[in-house]
Amino acid sequence: MTISTSDSITRHHVGKRLSEVAIHNGTVYLAGQIPENNPDGDMRTQTREVLGHVERLLSDAGSSKAHILSCQIFIRSAADIVVMNEVWDAWVVPGHTPPRATVIGPAINPKYLIEVIVTGAQISAN
(Lines give C-alpha, C1' and ligand atoms only; values in the text may rest on other atoms or scores of the structure.)
Protein backbone atom coordinates (compact mmCIF):
# COMPACT_ATOMS: atom_id res chain seq x y z
CA MET A 1 0.00 0.00 0.00
CA THR A 2 1.41 3.37 -1.00
CA ILE A 3 0.64 6.13 1.49
CA SER A 4 1.24 9.81 0.94
CA THR A 5 0.59 12.50 3.53
CA SER A 6 0.64 16.25 3.01
CA ASP A 7 -1.29 19.23 4.33
CA SER A 8 -3.41 16.98 6.59
CA ILE A 9 -4.53 14.83 3.65
CA THR A 10 -3.54 11.17 3.69
CA ARG A 11 -3.78 9.16 0.50
CA HIS A 12 -3.70 5.35 0.17
CA HIS A 13 -2.94 3.30 -2.93
CA VAL A 14 -1.49 6.30 -4.75
CA GLY A 15 -1.05 5.88 -8.47
CA LYS A 16 0.00 8.05 -11.36
CA ARG A 17 -3.59 9.00 -12.24
CA LEU A 18 -5.50 8.65 -8.97
CA SER A 19 -5.45 7.57 -5.34
CA GLU A 20 -7.93 4.92 -4.27
CA VAL A 21 -8.45 6.69 -0.92
CA ALA A 22 -8.06 10.21 0.45
CA ILE A 23 -8.62 11.04 4.12
CA HIS A 24 -9.12 14.56 5.43
CA ASN A 25 -10.44 15.68 8.82
CA GLY A 26 -11.78 12.21 9.60
CA THR A 27 -13.64 11.81 6.31
CA VAL A 28 -12.68 8.98 3.97
CA TYR A 29 -13.21 9.48 0.23
CA LEU A 30 -12.98 6.49 -2.11
CA ALA A 31 -12.36 6.59 -5.84
CA GLY A 32 -14.98 4.91 -7.98
CA GLN A 33 -14.69 1.15 -7.50
CA ILE A 34 -15.07 -1.06 -10.55
CA PRO A 35 -15.10 -4.82 -11.23
CA GLU A 36 -11.49 -4.98 -12.36
CA ASN A 37 -11.10 -8.69 -11.45
CA ASN A 38 -14.38 -9.86 -13.02
CA PRO A 39 -15.20 -7.50 -15.89
CA ASP A 40 -16.98 -10.33 -17.71
CA GLY A 41 -19.06 -11.32 -14.69
CA ASP A 42 -22.80 -10.80 -14.35
CA MET A 43 -24.27 -8.03 -12.16
CA ARG A 44 -24.28 -10.23 -9.04
CA THR A 45 -20.60 -11.12 -9.45
CA GLN A 46 -19.54 -7.56 -10.29
CA THR A 47 -21.53 -6.04 -7.41
CA ARG A 48 -20.04 -8.48 -4.88
CA GLU A 49 -16.55 -7.68 -6.13
CA VAL A 50 -17.05 -3.92 -6.06
CA LEU A 51 -18.57 -3.94 -2.57
CA GLY A 52 -15.64 -6.09 -1.46
CA HIS A 53 -13.26 -3.41 -2.74
CA VAL A 54 -15.26 -0.75 -0.86
CA GLU A 55 -15.18 -2.73 2.38
CA ARG A 56 -11.43 -3.44 2.12
CA LEU A 57 -10.53 0.18 1.34
CA LEU A 58 -12.71 1.54 4.13
CA SER A 59 -11.05 -0.88 6.56
CA ASP A 60 -7.57 0.15 5.33
CA ALA A 61 -8.57 3.77 6.05
CA GLY A 62 -9.87 3.10 9.57
CA SER A 63 -13.54 3.03 8.64
CA SER A 64 -16.16 0.39 7.87
CA LYS A 65 -19.31 -0.22 5.88
CA ALA A 66 -21.28 0.75 9.02
CA HIS A 67 -19.72 4.22 8.77
CA ILE A 68 -20.58 5.09 5.16
CA LEU A 69 -21.80 8.69 4.96
CA SER A 70 -22.96 8.59 1.34
CA CYS A 71 -22.89 6.26 -1.64
CA GLN A 72 -23.28 6.81 -5.36
CA ILE A 73 -23.93 3.78 -7.54
CA PHE A 74 -23.70 3.88 -11.31
CA ILE A 75 -25.22 0.99 -13.25
CA ARG A 76 -25.37 0.41 -16.97
CA SER A 77 -28.95 -0.85 -17.18
CA ALA A 78 -32.13 -0.35 -15.15
CA ALA A 79 -32.78 -4.07 -15.65
CA ASP A 80 -29.85 -4.79 -13.29
CA ILE A 81 -31.12 -2.81 -10.30
CA VAL A 82 -33.05 -5.73 -8.76
CA VAL A 83 -29.98 -7.98 -8.66
CA MET A 84 -27.72 -5.15 -7.55
CA ASN A 85 -30.13 -4.30 -4.71
CA GLU A 86 -30.25 -7.95 -3.59
CA VAL A 87 -26.46 -8.00 -3.23
CA TRP A 88 -26.46 -4.54 -1.61
CA ASP A 89 -29.19 -5.50 0.89
CA ALA A 90 -27.22 -8.60 1.97
CA TRP A 91 -24.02 -6.55 2.33
CA VAL A 92 -25.11 -3.31 3.98
CA VAL A 93 -25.27 -3.15 7.80
CA PRO A 94 -28.89 -3.09 9.01
CA GLY A 95 -29.64 0.17 10.78
CA HIS A 96 -26.64 1.82 9.09
CA THR A 97 -27.93 2.18 5.54
CA PRO A 98 -26.34 5.32 4.10
CA PRO A 99 -27.87 7.99 1.91
CA ARG A 100 -27.57 6.56 -1.60
CA ALA A 101 -28.15 7.56 -5.21
CA THR A 102 -28.32 5.11 -8.11
CA VAL A 103 -27.76 6.47 -11.60
CA ILE A 104 -28.12 4.69 -14.93
CA GLY A 105 -25.54 5.47 -17.59
CA PRO A 106 -22.73 4.08 -19.71
CA ALA A 107 -19.42 3.09 -18.12
CA ILE A 108 -16.03 3.97 -19.54
CA ASN A 109 -15.54 0.25 -20.16
CA PRO A 110 -18.69 -1.34 -21.64
CA LYS A 111 -18.01 -4.56 -19.69
CA TYR A 112 -18.44 -2.75 -16.36
CA LEU A 113 -22.03 -3.08 -15.17
CA ILE A 114 -21.46 -1.13 -11.94
CA GLU A 115 -19.24 1.50 -10.33
CA VAL A 116 -19.56 2.61 -6.71
CA ILE A 117 -18.28 5.80 -5.04
CA VAL A 118 -18.35 6.02 -1.24
CA THR A 119 -17.59 8.63 1.40
CA GLY A 120 -17.20 7.39 4.97
CA ALA A 121 -16.35 8.49 8.49
CA GLN A 122 -12.96 7.45 9.85
CA ILE A 123 -13.31 5.70 13.22
CA SER A 124 -9.61 5.01 13.82
CA ALA A 125 -6.44 6.42 12.32
CA ASN A 126 -4.62 3.88 10.17
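Parameters at a glance
- Residues numbered from 1 in each chain as written.
- Predicted model: local features only at pLDDT ≥ 70, side-chain atom pairs only at ≥ 80, totals over all residues.
- Heavy atoms only, no water.
- Helix = DSSP H or I, 4+ residues; strand = E, 2+ residues; numbered from the N terminus.
- Polar contact = N/O pair within 3.5 Å; in protein donor to acceptor, adjacent residues only side chain to side chain.
- Core = buried A, V, L, I, M, F, W, Y, C linked by side-chain atoms within 4.5 Å.
- Buried < 20%, exposed > 50% of the residue type's maximum accessible area, 1.4 Å probe, protein only.
- Salt bridge = Lys/Arg side-chain N within 4 Å of Asp/Glu carboxyl O.
- Pairing = 2+ DSSP bridges.
- Right-handed = clockwise from strand over helix to strand, strands pointing away.

Trainee: Go over the side chain of Lys 65, please, and point to the residues and values.
Mentor: With respect to the helices and strands, Lys 65 occurs in the loop between helix 1 (43-60) and strand 5 (68-75). A distance of 2.7 Å separates a polar side-chain atom of Lys 65 from the backbone oxygen of Trp 91.

Trainee: I'd love a proper account of the nonpolar core, names of residues and values included.
Mentor: Membership of the largest hydrophobic core comes to 24 residues, with the highest contact counts inside it found for Leu 30, Ile 73, Trp 88, Ile 114, Val 116 and Val 118. No other element matches helix 1, which puts 6 residues into this core.

Trainee: Lay out the pattern of salt bridges in plain terms, naming residues and giving numbers.
Mentor: Under the criterion given, the structure shown has 3 salt bridges. We note a salt bridge from Arg 44 to Glu 86, for which the minimum N-O separation is 2.9 Å. Placement of the pair is Arg 44 in helix 1 and Glu 86 in helix 2 (residues 81-91), with a sequence separation of 42 residues.

Trainee: A description of the pairing of strand 6 (residues 100-104) should follow, citing residues and the corresponding values.
Mentor: Taken together, the 5 bridges between strand 5 and strand 6 define a ladder with parallel strand orientation. Counted as the bridge partner of Gln 72 is Ala 101 from strand 6. Regarding the hand of the β-α-β motif, the stretch spanning strand 5, helix 2 and strand 6 is right-handed.

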